[in-house]
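Structural overview for review
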Amino acid sequence: MSQAKKVALVTGGNRGIGYELVKQLALNGFKVILASRDSKKGQEATKKLKESDLDVTFVGMDVDDQGSIRQAAITVDERFGRLDVLINNAGVIFDANGKLLNMDSSILEKTMATNFFGAYHVIRSFIPLMEKQGYGRIINVSSEYGAMSEMSYQGVGAYKLSKLALNGLTRLVAAEMNGDIKINAVDPGWVSTDMGGPSALRTPKQAAESILWLAMIGPEGPNGGFFRDGKRIDW
């Protein structure tokens, strides 16, 4: 692999955990692509980080739009010619503690579209950039709610299923990868963001720091694992 400055891309990078991941990656010497579906907010976040002399570039990408994802991959290839780290951070939660079979089915469909299919299509579109150099690190930001044991309890069913599927995708892709390309899932914990709410115990910075190590693992590092705070947890 070339020793040129590594390039990382973070989806949903304009706020919360995503913004902190962009910042921390840049502080660790990466050239970082902040991807966001909201161009205005994404550009504002990028400008703020650049004012701190961080190497950050904005690329518009809506993970619910396959055309937008493909165009973003083309843009990254043309501008940088490589991608070393991909963090699938973009996610949504729409449902509460009602029963899965009683909710409007559109809630499940929308949740799966972003949390599962969004990550799936992003990986499909960007993996060629990793395959051509035989190196890559993919991190899927999941949740403890995606563990199989959580399926025994009622509540946030659409969100749980989307993260369960994301964890399954992580393991399947890991089994298919060749070369020094690794993919892992991580639970950032309960984080004080727009999604997690103000009562959450963790800050976005703490969550980002618990994820970042997977972007920098060596060839002997894990592949196809599910982690929290650096420790492997049960699927």
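To be clear, the structure that these remarks concern was listed above.
Here the structure is a predicted model, which is why all the values come from computation and not from measurement. (Residues numbered from 1 in each chain as written. Predicted model: local features only at pLDDT ≥ 70, side-chain atom pairs only at ≥ 80, totals over all residues. Heavy atoms only, no water.)

Looking at unusual backbone geometry
With phi around 65 degrees, Asp53 is a residue other than glycine that occupies positive phi space. Considering the arrangement of structural elements, one finds Asp53 in the loop between α2 (39-50) and β3 (56-60). The class for Asp53 is exposed, based on a relative accessible area of 72%. In this model, Val156 sits at a positive phi of 35 degrees, which is unusual for a non-glycine residue. Note on Val156: relative accessible area 10%, which makes it buried. (Helix = DSSP H or I, 4+ residues; strand = E, 2+ residues; numbered from the N terminus. Buried < 20%, exposed > 50% of the residue type's maximum accessible area, 1.4 Å probe, protein only.)

Considering the packing of helix α4 (residues 105-131) against helix α5 (residues 157-176)
Interaxial distance between α4 and α5 falls to 8 Å at its minimum, and their mutual angle equals 20 degrees. When the interaxial angle is binned, α4 and α5 end up roughly parallel. Once α4 is placed against α5, the crossing between them reads as right-handed. Side by side, α4 and α5 meet where Ile107, Leu108, Thr111, Met112, Asn115, Phe116, Ala119, Tyr120 and Ile123 of the first sit next to Ala158, Tyr159, Leu161, Ser162, Lys163, Ala165, Leu166 and Leu169 of the second. Of the residues contributing to the contact of α4 with α5, the split by class is 13 nonpolar, 3 polar and 1 charged. (Axes fitted to C-alpha atoms, helices over the stretch in contact; angles between N-to-C directions. Parallel < 35°, antiparallel > 145°, perpendicular 65-115°, else oblique. Left-handed = near helix turned anticlockwise from the far one by under 90°. Contact = heavy atoms within 4.5 Å. Nonpolar A, V, L, I, M, F, W, Y, C, P; charged D, E, K, R; others polar.)

Overview of α5
With 20 residues, α5 ought to run about 28 Å at 1.5 Å a step, and its terminal C-alpha atoms sit 29 Å apart, in line with that. For α5, the complete set of buried residues consists of Gly157, Ala158, Tyr159, Lys160, Ser162, Lys163, Leu166, Asn167, Leu169, Thr170, Val173 and Ala174. (Expected span 1.5 Å × (residues − 1).)

Thoughts on the sheet that holds β3
With mixed pairing, the 8 strands of this open sheet are ordered in space as β3-β2-β1-β4-β5-β6-β7-β8. Edge positions in the sheet fall to β3 and β8 (231-232), since each has one partner strand and no second. Sheet analysis places strand β1 (residues 7-10) next to strand β2 (residues 31-36), joined by 4 bridges and oriented parallel. Its bridge partner being in β2, Leu9 is matched across the sheet by Ile33. Most of the contacts of α5 go to strand β6 (residues 180-186), to which it runs at about 160 degrees, and overall it touches β5 (135-141), β6 and β7 (226-228). (Pairing = 2+ DSSP bridges.)

Some thoughts on the pairing of β3
The element β3 is largely enclosed, with a buried count of 4 among its 5 residues. The pairing of β2 with β3 spans 5 bridges and is parallel. Residue pairing in the sheet places Ile33 in a bridge with Thr57 of β3. Following the backbone out of β2, through α2 and into the adjacent parallel β3, one traces a crossover that is right-handed. (Right-handed = clockwise from strand over helix to strand, strands pointing away.)

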